[in-house]
Amino acid sequence: MAYRLPETAKSALWLGAFVAFYVLLDWASFILPLKHLNVTPWNPASALGLLFLVRRGHRASVVLFVAIVASDVLVRDVPGNLGITLWLGVTLTAGYAAMAWALHRHCPESGLFADRIGLLRWSSIVILGSLLNSLCFVSTLLLAGLLSGAEWRDAMMRFWVGDGVGIFVTFPLLWWLQDSPRRLLLGTILLRWETLFYSGLTVLCLWIAFVPGAEAHFRYFYVLFLPVVWAASRQGLAGAVFCVTTLQLGLLLAGLLQQSEQISLFELQMRAFLLALVGFLIGVAVDEQRRAPAELQHSLRLAA
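Since the structure is predicted, the reported quantities are computational estimates derived from the model, not experimental observations. Note on numbering: residues in each chain are counted from 1, in written sequence order. Local features are withheld for residues below a pLDDT of 70 in this predicted model, meaning they are given only at 70 or higher, and side-chain atom pairs are given and counted only at 80 or more; totals for whole chains, interfaces and linings count all residues. For side-chain calculations, the full set of non-hydrogen atoms in the structure is used, while hydrogens and water are omitted.

**Topic: the overall build of the chain**
To keep things clear, this is the line we draw: Segments assigned H or I by DSSP are reported as helices when at least four residues long, segments assigned E as strands when at least two residues long, and all are numbered from the N terminus. Remark: exposure states derive from per-residue accessible area (1.4 Å probe, protein chains only) relative to the maximum for the residue type, with buried under 20%, exposed over 50%, and partly exposed in between. It only takes one pair of heavy atoms within 4.5 Å for two residues to be counted as in contact.
Within the chain one finds 11 helices and zero strands. For the chain, the α and β elements follow one another from N to C terminus as α-α-α-α-α-α-α-α-α-α-α. Per-residue burial for the chain yields a buried fraction of 49% across its 304 residues. Residue pairs in contact within the chain that sit at least 24 positions apart in sequence constitute 73% of those at least 6 positions apart.

Given below as structure tokens:
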């Protein structure tokens, strides 16, 4: 008879894997930190933590707290003593727990990304929750004497954009990957020839935006909407999620390689947010339109 791990040991392995993946994701995205502070222009690990709380409930907050503190110690080297590091971990964990509670209350899983109303509710919770998290985190640094009053506004905006865009772009992808039917659908979409074509268009548009665009003071960013609109209008939300993720990685890589004084990663993240918002709105609308005939036929059959 095959040996099976006890449920307690299996749960411990899964929780340990989450902490390790959280730290690894934070390490991979730890780029251009603001001076000596724990503030970066992109933080996708926050999306992983938020999804973990949404799936596991408030009891998972302790595990998320451990992951945040471990990442701060191993990756970010947060200034100050251990007490400040622990308090910052508590602050962030409480903020993500509040966002997860709001998502449970206003965006149940069956309605998450199911229609435009659900998408707008999710977007509002992510944007406002990230803002409150940013205010609490940066204000804690200010009170601890690790940040001057002159730096407070810039740090708050950068943390808000880094955390907010990290969740906004990464959460939908993780949400699709953690569910078997959605993961299968995403894999089916990726194997289509059309996906290869608009992926090639994405690379071409990034080249236009950053190479000829650099000589024109980066005025060609509107071309990046072309692959997003193509993917979302043809493949719905799944196509939008894949294309937006590709563009996010491309924008970060191009921004790091470009190192231009005319545009910063902060500005690139704001444009990535707009690209994601447009793509998700089109994708959800397309999925709604495709479901409408099937739902109508089902209603007619029930009526008959």
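**Some thoughts on the state of the cysteines**
Just so we agree on the cut-off: Any two cysteine sulfur atoms within 2.5 Å of one another count as a disulfide.
Tallied over the entire structure, the rule returns zero disulfides. The thiol of Cys243 is unpaired, and the distance to the nearest cysteine sulfur, on Cys205, comes to 8.9 Å.

**So, the environment of Val278**
Structurally, Val278 can be placed in helix 11 (residues 265-303). Expressed as a C-alpha distance, the spacing of Val278 and Ala232, which sit 46 residues apart in the sequence, is 9.0 Å.

**Looking at the confidence of the model for the chain**
Counted only if it meets this: Confidence of the prediction at every residue is given by pLDDT, a number between 0 and 100.
Here the chain shows a mean pLDDT of 82. Residues at 70 or above account for 85%. Within the chain, the element-level pLDDT minimum falls on helix 9 (residues 212-215), averaging 72, and the maximum on helix 2 (residues 45-56), averaging 90.

**What to know about the pattern of salt bridges**
Short version of the rule: Whenever Lys or Arg places a side-chain nitrogen within 4 Å of a carboxyl oxygen from Asp or Glu, that contact is recorded as a salt bridge.
In total, this model carries four salt bridges according to the counting rule given. In this structure, Arg116 engages Glu288 in a salt bridge whose closest nitrogen and oxygen atoms are separated by 2.8 Å. One end of the pair, Arg116, is in helix 5 (residues 116-143); the other, Glu288, is in helix 11, with 172 residues separating them in the sequence. Residue classification places Arg116 among the partly exposed residues on the basis of a relative accessible area of 44%. Here Arg234 makes a salt bridge to Glu194, at a shortest N to O gap of 2.6 Å. Highlighted residues: Arg234 in helix 10 (residues 225-258) and Glu194 in helix 8 (residues 193-210), separated in sequence by 40 residues.

**Side note on the layout of surface pockets**
This is how the line gets drawn: Any residue with an atom within 4 Å of a point lines the site, the site being either a cavity, points on a 1 Å grid over the protein atoms alone where a 1.4 Å probe fits but cannot get out, or a pocket, an open set with protein on both sides within 12 Å along at least 5 of 7 lines. Grid points are joined across faces, edges and corners, and a volume is the space filled by probe spheres set on the points. Charged residues are taken to be Asp, Glu, Lys and Arg, nonpolar residues to be Ala, Val, Leu, Ile, Met, Phe, Trp, Tyr, Cys and Pro, and polar residues to be all remaining types, Gly included.
As a volume, the largest pocket reaches approximately 420 Å³. The wall of the largest pocket is formed by Trp14, Ala17, Phe18, Phe21, Leu48, Leu51, Phe52, Arg55, Arg56, Leu174, Leu177 and Gln178. At the level of secondary structure, the elements contributing two or more residues to the lining of the largest pocket comprise helix 1 (7-28), helix 2 and helix 6 (149-177). Looking at the lining of the largest pocket, its residues break down into nine nonpolar, one polar and two charged.

**Some words on the nonpolar core**
As a reminder, the rule being used: What is meant by a nonpolar core is a set of buried Ala, Val, Leu, Ile, Met, Phe, Trp, Tyr and Cys residues, joined one to another through side-chain atoms within 4.5 Å.
Among the nonpolar cores identified, the biggest contains 84 residues, and Phe18, Trp122, Phe171, Phe210, Leu224, Leu251 and Phe280 are the most heavily contacted of them. In contact with Phe280, not counting residues within four places along its chain, are Leu119, Phe168, Pro172, Leu237, Ala240, Val241 and Val244.

**Description of a nonpolar patch on the surface**
How we decide: Every patch collects residues that have over 30% relative accessible area and no salt bridge, joining them within 9 Å if they carry like charges and within 5 Å if they are nonpolar side chains (Val, Leu, Ile, Met, Phe, Trp, Tyr). Exposure was quantified through the Shrake-Rupley algorithm and a 1.4 Å probe, taking into account, for residues, occlusion by the shown protein chains and nothing else.
Among the surface-exposed residues, Tyr220, Tyr222, Phe225, Val229, Leu274 and Val278 lie close enough to one another that they form a single nonpolar patch of about 500 Å² accessible area. With respect to the helices and strands, the residue Tyr220 is situated in the loop between helix 9 and helix 10. Of the residues examined, Tyr220 reaches a relative accessible area of 31% and is grouped as partly exposed.

**Considerations on the packing of helix 2 against helix 6**
So the rule is basically this: Working convention: axes come from line fits to C-alpha atoms, limited for helices to the stretch in contact. Angles between N-to-C directions cover 0 to 180 degrees. Here roughly perpendicular refers to angles of 65 to 115 degrees, roughly parallel to angles under 35, roughly antiparallel to angles over 145, and oblique to all remaining angles. Handedness of a crossing is defined here by the sense of rotation of the near helix relative to the far one, left-handed for an anticlockwise turn of less than a right angle and right-handed for a clockwise turn.
It is at 7 Å that the axes of helix 2 and helix 6 come closest, and there the two elements cross at 55 degrees. With respect to helix 6, the axis of helix 2 lies oblique. In this structure, helix 2 crosses over helix 6, and the sense of that crossing is right-handed. Listed contacts from helix 6 to Ser46, Ala47, Leu48, Leu50 and Leu51 of helix 2 are Asp163, Gly166, Ile167, Thr170, Phe171, Leu174 and Trp175. Taken together, the residues of the contact of helix 2 with helix 6 sort by class into eight nonpolar, three polar and one charged.

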